[in-house]
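Descriptive analysis of the structure
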Amino acid sequence: MVAVLKHRRLRDFDWLVAALAIMIVCFGAWEIHNAQPTETFWQKQLIGWALPGAMFAIASLTIALMELAPVFYVFGLLLLVLVLVPIPELV
């Protein structure tokens, strides 16, 4: 699978999905701005998107991370299991 992904090009990236995600974020920030124009929550929303967006761009263009995909998958599964484990102090 990794060998197939190593031959991909930048033109193979799904630009439509990325553009739609950016448009949704911008629309959400605009709606926050319209709801409370005197506050800066919309700026915090855009900053909160820019950081993960930059990490997504780096990760999507890095082939080396694809070789670690099974490790990330197992880590994600462990985090999902931890959600189900009750903490006795909080119950």
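Everything numeric in this text was worked out from a predicted model, so none of it was measured.

Within the protein chain, the secondary structure is distributed over five helices and zero strands. Mapped in sequence order, the helices and strands of the protein chain form the string α-α-α-α-α.

With respect to the helices and strands, the residue Gln45 is situated in helix α3 (residues 41-61). A residue is classified by how much of its surface remains accessible, and Gln45, at 36% relative accessible area, is partly exposed.

Attention now goes to the packing of helix α2 (residues 15-35) against α3. For the pair α2 and α3, the least separation of the axes is 8 Å and the interaxial angle reads 160°. As summarised for this structure, α2 and α3 are arranged roughly antiparallel, according to the angle between their axes. Two packed elements cross with a definite hand, and for α2 against α3 that hand is right-handed. Along the contact surface, α2 presents Ile22, Val25, Ala29, Ile32 and His33, while α3 presents Phe41, Trp42, Gln45, Leu46 and Trp49. Within the contact of α2 with α3, the residues separate by chemical class into eight nonpolar, two polar and no charged.

Attention now moves to a nonpolar patch on the surface. A cluster of nonpolar side chains, namely Tyr73, Val74, Leu77, Leu78 and Leu80, defines an oily patch on the protein surface of about 520 Å² accessible area. Classification of Leu77 as partly exposed rests on a relative accessible area of 37%.

Parameters at a glance
- Residues numbered from 1 in each chain as written.
- Predicted model: local features only at pLDDT ≥ 70, side-chain atom pairs only at ≥ 80, totals over all residues.
- Heavy atoms only, no water.
- Helix = DSSP H or I, 4+ residues; strand = E, 2+ residues; numbered from the N terminus.
- Buried < 20%, exposed > 50% of the residue type's maximum accessible area, 1.4 Å probe, protein only.
- Axes fitted to C-alpha atoms, helices over the stretch in contact; angles between N-to-C directions.
- Parallel < 35°, antiparallel > 145°, perpendicular 65-115°, else oblique.
- Left-handed = near helix turned anticlockwise from the far one by under 90°.
- Contact = heavy atoms within 4.5 Å.
- Nonpolar A, V, L, I, M, F, W, Y, C, P; charged D, E, K, R; others polar.
- Patch = residues over 30% accessible without salt bridge, like charges linked within 9 Å, V, L, I, M, F, W, Y side chains within 5 Å.
- Areas by Shrake-Rupley, 256 points an atom, 1.4 Å probe, with all protein chains shown as cover.
- Salt bridge = Lys/Arg side-chain N within 4 Å of Asp/Glu carboxyl O.

Any link to function would need more than the numbers given here.
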